[in-house]
Structure formats: C-alpha cells, structure tokens
Amino acid sequence: MRKIAAQYIFPLNGASPIRNGVLTTDDDGTILDVREMSGEEESTEFYNGILVPGFVNAHCHLELSHLHGKFERGTGMAGFIRQINALRDGSGRDVKIDAAREQLEKMYGEGVSAMADISNCNDTFEIKSASRMYIRTFLEVFGTEPADAPKIMEGVRSLAKEAYYIGLDAAPTPHSCYTMSPQLLASASSDALDEGWLSYHNQESMEEELLIKEGRGALARDYKARGLSTPPVTGAAALHYFLDNLEKTGKLADQNILLVHNLFTDESSMDRAISLVKNLYWAVCPLSNLFIHNFLPPLELMRAKGAVLTLGTDSLSSNDLLSMVDEIKCINNYFPGIELKEIFEWSSYNGALFLGLEESMGSFEKGKKPGVVLIEQVDWENMKLTDCSSSTRLV
Ligand SMILES: [Zn+2]
C-alpha cells in the first residue's frame, strides 16, 4: 500500500481539485482512497506538484519515431506529404523499431497509461504487445486510385489478423478524405465500424477543405501533377463528405469515433457530426499543428459546441517530442482562459472514454487503476504549467 500526497490532486471525471490531497493505492496500483490530508499523516510520500491520473495519448504514430528532426517546419499539408513520401522508408527496420521502443518507454515513464496509435505496417506490433501501456492500434489505410481499393483492403485485413494473433486490439481505419478513393474510404470505414472504433484525420488543412469543397489548392495541384485521382468535389466542408460516407455504410450505431486535428472545422459541420454520431470525440494535437501549419484548432468553438475533446502528440515527424505535458503547456500558452482542470479531463479522462477504458482508467476513483502521474514546476499563482513543468509516473 502507498500513501501519496501532493499540493494538489486532480481526481477528474467532474470532481474538484483537492488541495493538500492524499491518495492511497494498493500494491498493484488500484485506487483505494482519495481525499484531503488531515494534518501530518504517517507513512506518506509528499510531492511538490500536482497528481493526475495516467494520461491517454489520443493520437500517435509510434512507427514514425525514426523521423525525428528530419522534417522542415511550416510546409503545410502538401509539403508534409512530399516529405513523408521521400523519408518514410529511408531507415532500416531495426532503426525504426529501436526508435519506437525508446519513445514508447519514455512515454510510459512520463505517465501515459493508454494510447490510440496509428500503424501502417507491423513494425511496432511486438513492442506494443510487450508494453505495460494499453494501446489500441488503428491500422490506417490510404490510396487515391479506386482500382487499388480491394487490394489495399486485403492487405490491411491480413495485417489485422497478424495483430490479433500477437494480442493487440487492432482494426482497419481510414486515414483522411484527401488521401483515399471514395471506394477505399467506404471499405475502411465499414471495417472500423464493425470493430467499434474509428480514428480519422479531419479538416487538418485549408488545402484539404479547398480540395473537397472546390477542387483546387495545393493538394489538388499536387495530385493532378502526379497523375493521381482526386476525391469528388462536393461544394461543402470536408467533414460533410466523411459524414455522408459514414451514413452510407448503414452501420452507424454506438461506435466510438475520433476526429483528429480539426484545425479548419466549422460550426455547420460540427453540428451535423455531433447530431449524427452518438459517441463522437475530437482529438487535438497542438504542437504538431504548429509544426506543420503554424495554426491551432478553434478550441473556443469546439468547447462552445460541447465537443468531447482529447489530446494527442501525433508523431515525431511533426513534433519535437511525444510529451503530453508539453501539449498541455501549449494549450496553457495559447488559450490562457482554459483551466488546467479542463485540459486534464481531455488528457486523461476523455481519452479513456474514447478507448472504452473508463471503468479502469482516466480518473482517481476507488477501484480504478489509472496510474499516478506527478507534474512538477507548477505556477501555483495562476494554476498553470510553466516552461519547466515535467511529468513522471509514480505508479
Ligand atoms: Zn496523424
């Protein structure tokens, strides 16, 4: 049994922060009690910081960890795709696996207890299955040519079998509207809905919006120059095209659906998404957004719409580090009106909800086993993280 105390504990799931809080855990990390300290208590570890439940990284591409430091910043989407096509396969498999393992261990040590991770191949399957972190793997597909769709689906379904035999929770998922033929988008969405989880890159760039809405812009130009097919021009925001596709599958029920990035989302497409999808989650990855687009998602609009927000790091191709605390700092800096308590709900509780882990993770509640994370170097006066804030797993 451990008694761990700190200046503040954020139990989450709607509970108020506890000043001078103490947390009791069983030897296996199960939460036995969380409350305010009564004077000096015996056998208590005391920390100068904040305790939060283990983080849930809602969007990562662990298998791109070897691309750290190789990408130019501020290129926009078309430039990013050019770089990833050129660099993705430039390293050997061992180099990729070693980089991914190092990052996975680092994230776990910094308090990430669960993760929604994208895989395009099997490079990281072994290390993910050996990790103490819970990971749901989204086997992402893309391909602009309609004729290629059946073959791509055959490949990803065999990858899903491989993941299953290795013990991973994994299923196909669509990448985005701008990298997929309508046929592939429909098939991958259908497989994801059968599984119950779908993660999709949504409205990440203005280029994406222009491609779908008006058939023009940098992405449209690039695809045409490369002789590739482009998705249908709809005259509406890109999210509508994806929602049409989801409706057409006839399979929408109570699946957990995650829209990632959402930089250029707008009121009308948000309204329709929220009314159509029962369990809808929105992931924000602010440091990646600044890296590629020098732009951030409309968090005020999203909060006003009651969007259930989650937080992700994205990959080291578009981020300097995979650190949940640094993503929180970024939100603190750019959106000073949003309280720390609310951001922690995104970074721990809502991510657990998306992954269906709310019975065991995401908050300090009796019987749960979320992991205990210490955040140090806090600006107590303003209740904000500082540039020096860091996180460490205690349990
Ligand atoms: Zn991504």
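It should be noted that the structure appears before, not after, this text.
A brief look at the structure comes next. Here the structure is a predicted model, which is why all the values come from computation and not from measurement. (Residues numbered from 1 in each chain as written. Predicted model: local features only at pLDDT ≥ 70, side-chain atom pairs only at ≥ 80, totals over all residues. Heavy atoms only, no water.)

## Re the layout of surface pockets
Step number 1: Each pocket or cavity is described by its volume, and for the largest pocket that value is around 510 Å³.
Step number 2: Along the walls of the largest pocket sit 28 residues, with I81, I84, F142, H175 and T179 positioned nearest its centre.
Step number 3: For the lining of the largest pocket, the element with the most residues is helix α1 (residues 76-87), which contributes 5 residues.
Step number 4: Class assignment of the residues belonging to the lining of the largest pocket gives a composition of 10 nonpolar, 12 polar and 6 charged. (1 Å grid on protein atoms, 1.4 Å probe; cavity = no way out; pocket = protein on both sides within 12 Å on 5 of 7 lines; lining within 4 Å. Points joined across faces, edges and corners; volume = space filled by probe spheres on them. Helix = DSSP H or I, 4+ residues; strand = E, 2+ residues; numbered from the N terminus. Nonpolar A, V, L, I, M, F, W, Y, C, P; charged D, E, K, R; others polar.)

## A few points about helix α12 (residues 324-334)
Step number 1: For α12, the tally of buried residues reaches 8 of 11 residues, placing the bulk of the element in the interior.
Step number 2: Looking at α12, one finds that the buried residues are M324, V325, E327, I328, K329, C330, I331 and N332. (Buried < 20%, exposed > 50% of the residue type's maximum accessible area, 1.4 Å probe, protein only.)

## A short note on the nonpolar core
Step number 1: Counting 93 residues, the largest nonpolar core has I50, F55, W282, L299, F344 and I375 as its most contacted members.
Step number 2: Once you skip the residues sitting within four places of it in the chain, L299 turns out to touch V284, L309, I331, F335, I338 and W346.
Step number 3: In this structure, A116, W197, F354 and L357 belong to the second largest nonpolar core, which totals 17 residues. (Core = buried A, V, L, I, M, F, W, Y, C linked by side-chain atoms within 4.5 Å. Contact = heavy atoms within 4.5 Å.)

## Observations concerning the sheet that holds strand β12 (residues 309-311)
Step number 1: If you walk across this open sheet you meet the 4 strands as β9-β10-β11-β12, and the pairing is parallel. Lying at the two open borders of the sheet, with one neighbouring strand each, are β9 (197-202) and β12. On average, adjacent strands in this sheet sit at an angle of 30 degrees to one another, irrespective of strand direction.
Step number 2: Across 6 bridges, β9 lies against strand β10 (residues 256-261) in parallel orientation. Pairing of H201 across the sheet is with V260, part of β10.
Step number 3: The strands that helix α13 (residues 340-354) touches are β9, β10, β11 (279-284) and β12; relative to β12, the one it contacts most, it runs at about 110 degrees. (Pairing = 2+ DSSP bridges. Axes fitted to C-alpha atoms, helices over the stretch in contact; angles between N-to-C directions.)

## Quick look at the state of the cysteines
Step number 1: Applying the stated criterion to the full structure yields 0 disulfides.
Step number 2: Distance from the sulfur of C177, which forms no disulfide, to the nearest cysteine sulfur (C285) is 16 Å. (Disulfide = S-S within 2.5 Å.)

## Some points on the pairing of strand β13 (residues 372-379)
Step number 1: For strand β4 (residues 45-53) and β13, the ladder comprises 5 bridges, and the chain directions are antiparallel. What sits directly across from I50, in β13, is I375.
Step number 2: Of the pairings in the sheet, the one linking β13 to strand β14 (residues 384-393) comprises 6 bridges and is antiparallel in character. Counterpart to V378 in the pairing with β14 is L385.
Step number 3: What sits between β13 and β14 in their antiparallel hairpin is a turn of 4 residues, with M383 showing a positive phi close to 50 degrees.

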